[in-house]
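Summary of structural features
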Amino acid sequence: NGADVDLFVRAQSGPEISRYSADSKSTIIFVGAFQPWHSLDLLLEAFHLVASANAAARLLLVGDGPLRADIENRVGSLQLEERVIFTGNVPHQEVAALLSTAQVAVLSHRPSAAATSGTPLKLLEYMAAGKAIVAPALPNLEQVLTHRVTGLLVPPDDLKALAHALHELLNDNENLNQNSPMKKY
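Notes on the structure in this doc start here.

Definitions and limits used
Residues numbered from 1 in each chain as written. Predicted model: local features only at pLDDT ≥ 70, side-chain atom pairs only at ≥ 80, totals over all residues. Heavy atoms only, no water. Helix = DSSP H or I, 4+ residues; strand = E, 2+ residues; numbered from the N terminus. Buried < 20%, exposed > 50% of the residue type's maximum accessible area, 1.4 Å probe, protein only. Contact = heavy atoms within 4.5 Å. Areas by Shrake-Rupley, 256 points an atom, 1.4 Å probe, with all protein chains shown as cover. Salt bridge = Lys/Arg side-chain N within 4 Å of Asp/Glu carboxyl O. Expected span 1.5 Å × (residues − 1). Polar contact = N/O pair within 3.5 Å; in protein donor to acceptor, adjacent residues only side chain to side chain. Phe/Tyr/Trp six-rings, centres within 6.5 Å; stacked < 30°, edge-to-face > 60°.

1. Digging into the overall build of the protein
On a plain count of helices and strands, the protein comes out with 10 helices and 6 strands. In the protein, which comprises 185 residues, the proportion classed as buried is 50%. Restricting the contact set of the protein to residue pairs at least 6 apart, pairs at least 24 apart contribute 75%. With an accessible surface of roughly 8400 Å², the protein has 49% of that area assigned to carbon and sulfur atoms.

In structure tokens form, the structure reads like this:
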């Protein structure tokens, strides 16, 4: 796996992306397939906690997959329709522009063969885009990320830890916009 760093460094939000944009200082983004091992249900629960403490918080879900209807139903039951944005599948070149609209990028994998079998491309693209990253402390991700240096690692399947990390990064705008090591990678 590898990311085209130049694509992510020079990405800017254009008219096709602006319809998804909110305040980038309050936006969390997930990019990927809506599959069981991505734990989007856990991410929604964590975001619900974050949203209750941060009125500006938004969640941008980029992608699609077999769990899309379940995820949309869960968004409705949590009354987050105004705060969670679904893009559906987008051309790969638009991913960089969408990442430019967010403050925090998240992986919420559950431990499974699929989630621990390599380095997810989304992680490398998050890094190329210079996003603050929250990810589960799984061996394959710990080989790439260093806790509190290049990302925040949380115990897998830990709702409160995931919510706390997302909340912390959304509220750390000053550091993330200046010299934070997380912003460099």
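From this point, the discussion proceeds with the structure in view.
2. Digging into the pairing of strand E5 (residues 132–136)
The element E5 is largely enclosed, with a buried count of 5 among its 5 residues. A two-sided burial pattern is seen for E5, the buried positions comprising Ala132, Val134 and Pro136 on one face and Ile133 and Ala135 on the other.

3. Topic: the pattern of salt bridges
Enumeration according to the criterion identifies 4 salt bridges in this entry. In this structure, the salt-bridge partner of glutamate 72 is arginine 68, at a minimum N-O distance of 2.7 Å. A residue pair is termed a helical-turn pair when its members lie 3 or 4 positions apart in one helix, as glutamate 72 and arginine 68 do in helix H4 (residues 68–77) at 4 residues. With a relative accessible area of 35%, glutamate 72 lands in the partly exposed category. You can call arginine 68 buried: its relative accessible area is 18%. Salt bridges sharing partners connect three or more residues here, namely Asp64, Arg68 and Glu72.

4. Details of helix H8 (residues 159–170)
Counted at 1.5 Å a residue, the expected span for H8 with its 12 residues is 16 Å, and the 17 Å between its end C-alpha atoms agrees. For H8, the set of buried residues is Ala161, Leu162, Ala163, Ala165, Leu166, Leu169 and Leu170. The distance from a side-chain oxygen at the start of H8 to the backbone nitrogen of lysine 160 is 3.3 Å, and the residue carrying that oxygen is aspartate 158.

5. Let's talk about the packing of aromatic side chains
Inspection of every chain in the model, using the stated rule, returns 2 aromatic pairs. Ring centres of phenylalanine 30 and phenylalanine 34 lie 6.5 Å apart, and the angle between their planes is 55 degrees; this geometry places the pair in the tilted category. Its relative accessible area of 0% is what places phenylalanine 30 among the buried residues. By relative accessible area, which is 0% here, phenylalanine 34 ends up buried. On the basis of an interplanar angle of 55 degrees and a centroid distance of 6.2 Å, the ring pair of phenylalanine 34 and phenylalanine 86 is categorised as tilted. With phenylalanine 34 in the loop between strand E1 (27–31) and helix H3 (40–53) and phenylalanine 86 in strand E3 (residues 84–88), this pair connects stretches of sequence that are 52 residues apart. Among the aromatic residues, those joined into a ring-pair cluster are Phe30, Phe34 and Phe86.

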